[in-house]
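Letter by letter, the chains look like this.
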Amino acid sequence: MSLPTNHAGHLEIGGADALTLAADYQTPLVVYDVAQIRQQVRAFQHVFETAHVDGIVSYASKAFASIAMYQVMQQLNAHIDVVSGGELTTAIAAQFPMPHVSFHGNNKSEAELVMALDAHVGTIIVDNFHELALLDHLTTARQQPVDILLRITPGISAHTHEYDQTGQVDSKFGFDLDSNQATAAVAQAMQAPYLNLRGIHAHIGSQIFALEGFIAVTHKLMSLLADWAQTFDFTPEVLNVGGGFGIAYTKDDDPLPPEAFVQAIVEAAKADSTALQMSLPQIWIEPGRAIVGPAGYSLYTIGSRKDVPGLLPYVAVDGGMGDNIRPALYQAKYEAVLASAPQAPATETVHLVGKYCESGDILIDRQPLPTTHPGDIVAVCATGAYGYAMASNYNRNPRPAVVFVENGQAKIVVSRETFADLIHLDQSYL
Ligand SMILES: Cc1ncc(COP(=O)(O)O)c(C=O)c1O
Ligand SMILES: N[C@@H](CCCC[NH3+])C(=O)O
């Protein structure tokens, strides 16, 4: 990974010195290079523009949701998807335009659906019959129309970690195709007086490197839209192919540029539109990881070290599985550099571990590093997606602060949790 350095040879993030960021805001610290986020969203939008296709980039905000992040997405005229009342509340607090919000989830509660209707969320992506009936009931009682898409399970298995697969038949998400659940759902939606069915959604999984699955899902969804248009009084308006475009975490990862996935989707949809004699619906993509993953860094301070003769040393940092569960949960691989000298040659290979009371709290199992000392700052790269978003207070450790950096200017966008925050919800039992 070639990382930007400044005149002092230090790691630079968004034009700011990583050591200065660590000194100013303490560690563990999550830092985003905002220009990189903007550039990726624009690159996706550019694919649609150059293909003269009506396309929407809808940021899958589960990858990292905060008021500031939603504000940046609004500036870029991107849409967002939310998957909980909490993400929706954050988007409302950011004054994100509600017509540009889609609401996902396999078990949205009645309270969450009411919240979405109160907020006039643009699209509800309906996942199952329970939700369809509930939403029909709520919208009828309120006499409030709402746009919906139906999420279907396309029966396409993506080559990725088992926990990152969502498109296979045996999945908790979406209406099954083979057992005709999807067709039954269309029929039910068409009957519902206040549900305006605009199209279809599928998401095959996450951290996917191959184009094939996206091409296959596009063909499948286009032919389903054509079937629905023939069978029902339905005009296909939206083709939402989800997200999942893979990124590089280590030198061994060699992903396609994320735009290549969109290019392939657009070409497949255009070809089908001609073959099926159906006008091209608006194409929506929902990338999360590709937008924020590579733009994020986790800065840690090195503390203790354990050397055992004949074994790799353990070098411990002041964070770990509480701010990045991905290595423990998915065996995810990362790379780290010494922030003061990212280009310095390695002198040893270490286990870079966290401070949590778990043997599995290993951020990077084998990390080559120059000689390090307590107090040194290490940066783990590409932690922007599903890092802070999946952070916990395990061992009652406060979650880190999050900083956005652009043109060398840093701004705290999520404050560091304090010990007082941690006990705030506790009640005495005495
Ligand atoms: C419905 C849906 N859309 C989009 C995404 C975003 O995926 P990724 O962050 O891999 O782009 C997910 C997460 O896997 C998802 O479940
Ligand atoms: N949290 C997963 C991806 C998100 C899956 C969402 N459907 C990861 O970190 O890889």
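Keep in mind that this is a model prediction, so the values were computed, not measured.

What follows deals with the overall build of the chain. Counting secondary structure elements, the chain contains 12 helices and 20 strands. In terms of C-alpha radius of gyration, the chain reaches 23 Å, essentially the compact-globule figure of 22 Å for 430 residues. The dimensions of the chain, computed from C-alpha atoms along their principal axes, are 70 × 60 × 40 Å. Each of the 430 residues in the chain was classed as buried or not, and the buried ones make up 54%. Looking at the chain alone, contacts between residues at least 24 apart form 68% of all its contacts between residues at least 6 apart. Total accessible area computed for the chain in this model is approximately 18,500 Å², and 52% of it derives from carbon and sulfur atoms. Taking the average location of the 22 positive side-chain charges in the chain and that of its 44 negative ones, the two points are 4 Å from each other.

With that settled, consider the packing of aromatic side chains. Per the counting criterion, the structure on display carries 13 aromatic pairs. Their ring planes at 80° and their centres at 5.1 Å tell us that Y249 and Y334 sit as a pair that is edge-to-face. Within this pair, whereas Y249 is found in the loop between strand 11 (238–240) and helix 9 (258–275), its partner Y334 is found in the loop between helix 11 (326–330) and strand 15 (336–338), the two being separated by 85 residues in sequence. Like Y334, Y249 is buried.

Cis geometry is adopted by the peptide bond preceding P28, which originates at T27 and carries an omega value of -5°. For P28, the location among the structural elements is in the loop between helix 1 (18–25) and strand 3 (29–33). Within the chain, H52 stands out as a residue other than glycine whose phi angle is a positive 55°. Tracing the backbone shows H52 in the loop between helix 2 (34–50) and strand 4 (55–60). For H52, a relative accessible area of 75% gives the class exposed. The phi dihedral of Q95 falls on the positive side, at around 55°, and the residue is not glycine. On the accessibility criterion, Q95 (67% relative accessible area) is exposed.

Our focus in this paragraph is the pattern of salt bridges. According to the stated counting rule, one finds 9 salt bridges in the structure shown. In this structure, D118 engages R142 in a salt bridge whose closest nitrogen and oxygen atoms are separated by 2.6 Å. Placement of D118 in helix 5 (residues 110–119) and of R142 in helix 6 (residues 129–142) is noted, with a sequence separation of 24 residues between them. Between D426 and R396 there is a salt bridge, with its nearest N and O atoms 3.2 Å apart. Within this pair, whereas D426 is found in the segment after helix 12 (419–423), its partner R396 is found in the loop between strand 18 (377–381) and strand 19 (401–406), the two being separated by 30 residues in sequence.

The N-to-C vectors of helix 2 and helix 3 (residues 67–75) enclose an angle of 45°; their axes lie 10 Å apart at closest approach. Compared by their axis directions, helix 2 and helix 3 come out oblique. Relative to helix 3, helix 2 is oriented so that their crossing is right-handed. On helix 3, the residues touching V34, I37, R38 and V41 of helix 2 are M69, V72, M73 and Q75. Among the residues forming the contact of helix 2 with helix 3, the class breakdown is 6 nonpolar, 1 polar and 1 charged.

So, about the side chain of S58. Summarising the element assignment, S58 is placed in strand 4. Among the residues examined, S58 registers a relative accessible area of 1% and is labelled buried. Separated by 3.5 Å, the side chain of S58 and the backbone oxygen of I80 make a polar contact. Ignoring anything within four residues of it in the chain, the contact list for S58 reads H79, I80, D81, S102, I285, E286 and P287.

The subject of this paragraph is helix 4 (residues 85–93). One turn of the α-helix equals 3.6 residues, which is why residues spaced by three or four share an orientation. By the burial criterion, the buried members of helix 4 are G85, E87, L88 and A91. For helix 4, the buried positions fall inside an angular range of 160° around the axis, keeping them on one side. At its buried positions, helix 4 is contacted by helix 3, strand 5 (79–82), strand 6 (101–103) and helix 5. Following helix 4 by one or two positions, Q95 has its phi on the positive side, about 55°.

Turning our attention to the side chain of E131. Within the secondary structure, E131 sits in helix 6. On the basis of relative accessible area, E131 is assigned to the buried category, the value being 1%. In terms of polar contacts, E131 uses its side chain to reach the backbone amide nitrogen of D127, at 3.1 Å. Once you skip the residues sitting within four places of it in the chain, E131 turns out to touch G105, K108, L113, I124, I125 and V126.

For strand 16 (residues 348–353), the tally of buried residues reaches 5 of 6 residues, placing the bulk of the element in the interior. Of the strand pairs in this sheet, strand 14 (residues 314–317) and strand 16 are connected by 3 bridges, and their pairing is parallel. Its bridge partner lying in strand 16, Y314 is registered against H351. The pairing of strand 16 with strand 17 (residues 362–369) spans 5 bridges and is antiparallel. Among the inter-strand pairings, V350 is bridged to a residue of strand 17, identified as Q367.

Scoring rules and cut-offs
Residues numbered from 1 in each chain as written. Chains lettered and ligands numbered in written order. Predicted model: local features only at pLDDT ≥ 70, side-chain atom pairs only at ≥ 80, totals over all residues. Heavy atoms only, no water. Helix = DSSP H or I, 4+ residues; strand = E, 2+ residues; numbered from the N terminus. Rg over C-alpha atoms; globule rule 2.2 N^0.38 Å. Buried < 20%, exposed > 50% of the residue type's maximum accessible area, 1.4 Å probe, protein only. Contact = heavy atoms within 4.5 Å. Areas by Shrake-Rupley, 256 points an atom, 1.4 Å probe, with all protein chains shown as cover. Lys, Arg positive; Asp, Glu negative; His and termini not counted. Charge placed at Lys NZ, Arg CZ, Asp CG, Glu CD. Phe/Tyr/Trp six-rings, centres within 6.5 Å; stacked < 30°, edge-to-face > 60°. Salt bridge = Lys/Arg side-chain N within 4 Å of Asp/Glu carboxyl O. Axes fitted to C-alpha atoms, helices over the stretch in contact; angles between N-to-C directions. Parallel < 35°, antiparallel > 145°, perpendicular 65-115°, else oblique. Left-handed = near helix turned anticlockwise from the far one by under 90°. Nonpolar A, V, L, I, M, F, W, Y, C, P; charged D, E, K, R; others polar. Polar contact = N/O pair within 3.5 Å; in protein donor to acceptor, adjacent residues only side chain to side chain. Arc of directions from axis to C-beta. Pairing = 2+ DSSP bridges.

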